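Structural description and commentary
Spelled out from the first residue to the last, the chains are:
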Amino acid sequence: QVRLVESGGGSVQAGGSLRLSCAASGDTTSYCMGWFRQAPGKEREGVAGLYFGDGSTHYADSVKGRFTISRDNAKNTLYLQMNNLKPEDTAMYYCASSRLSGSCYDSLRVNYWGQGTQVTVSS
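Below you will find a few notes about this structure. None of these values were measured; they are calculated from a predicted model. (Residues numbered from 1 in each chain as written. Predicted model: local features only at pLDDT ≥ 70, side-chain atom pairs only at ≥ 80, totals over all residues. Heavy atoms only, no water.)

1. Here we look at the packing of aromatic side chains
Tallying each qualifying case throughout the model produces three aromatic pairs. On the numbers, 6.1 Å between centres and 80° between planes, the contact of Y94 with W113 is edge-to-face. With Y94 in strand β9 (residues 91-98) and W113 in strand β10 (residues 112-113), this residue pair connects regions lying 19 residues apart in the sequence. Given the relative accessible area of 13%, Y94 is considered buried. Aromatic ring contacts, followed pair by pair, group F36, Y94 and W113 into a single cluster. The lysine or arginine in question, R44, covers the ring of Y94, its NZ or CZ lying 3.7 Å from the ring centre. The side chain of R44 reaches across the aromatic face of W113, ending 4.5 Å from its centre. (Phe/Tyr/Trp six-rings, centres within 6.5 Å; stacked < 30°, edge-to-face > 60°. Helix = DSSP H or I, 4+ residues; strand = E, 2+ residues; numbered from the N terminus. Buried < 20%, exposed > 50% of the residue type's maximum accessible area, 1.4 Å probe, protein only. Lys NZ or Arg CZ within 6 Å of the ring centre and 35° of its normal.)

2. Notes on the pattern of salt bridges
A complete count under the given rule lists four salt bridges for this structure. One salt bridge in this structure joins E45 and R37, with 2.8 Å as the shortest N-O distance. On the basis of relative accessibility, which here comes to 36%, the residue E45 falls in the partly exposed class. Among the ionic pairs, R66 bridges to D89, the shortest N-O distance being 2.7 Å. Placement of R66 in the loop between β6 (57-59) and β7 (67-72) and of D89 in the loop between β8 (77-82) and β9 is noted, with a sequence separation of 23 residues between them. Judged by relative accessible area, R66 falls into the buried class, the value being 9%. (Salt bridge = Lys/Arg side-chain N within 4 Å of Asp/Glu carboxyl O.)

Following this line, the structure appears as structure tokens:
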């Protein structure tokens, strides 16, 4: 069992920045961790993922060059640095963790979810 707690969401004007944090506790062994987001009326989509085996990352095309996923292993914390935010980034952002049999890309195969933190970007 893994517990994930997000923080760092809030309201910001377009062009601004936020850094989301996800603190993990419990059984923290995992294959990957990532960030998903869901806007009203939209499907939950993968934003960024980090794979612990080799440290590789992936990003949704919509956030490449603007968002950076990273981790602090000592603190069991995952981060999402979001720069040059746009109104279309407005969504509830969820931290995710998966075992090898799960996914940090496909929301239907995520093993553990955080409660979400709201990000609102105004124009």
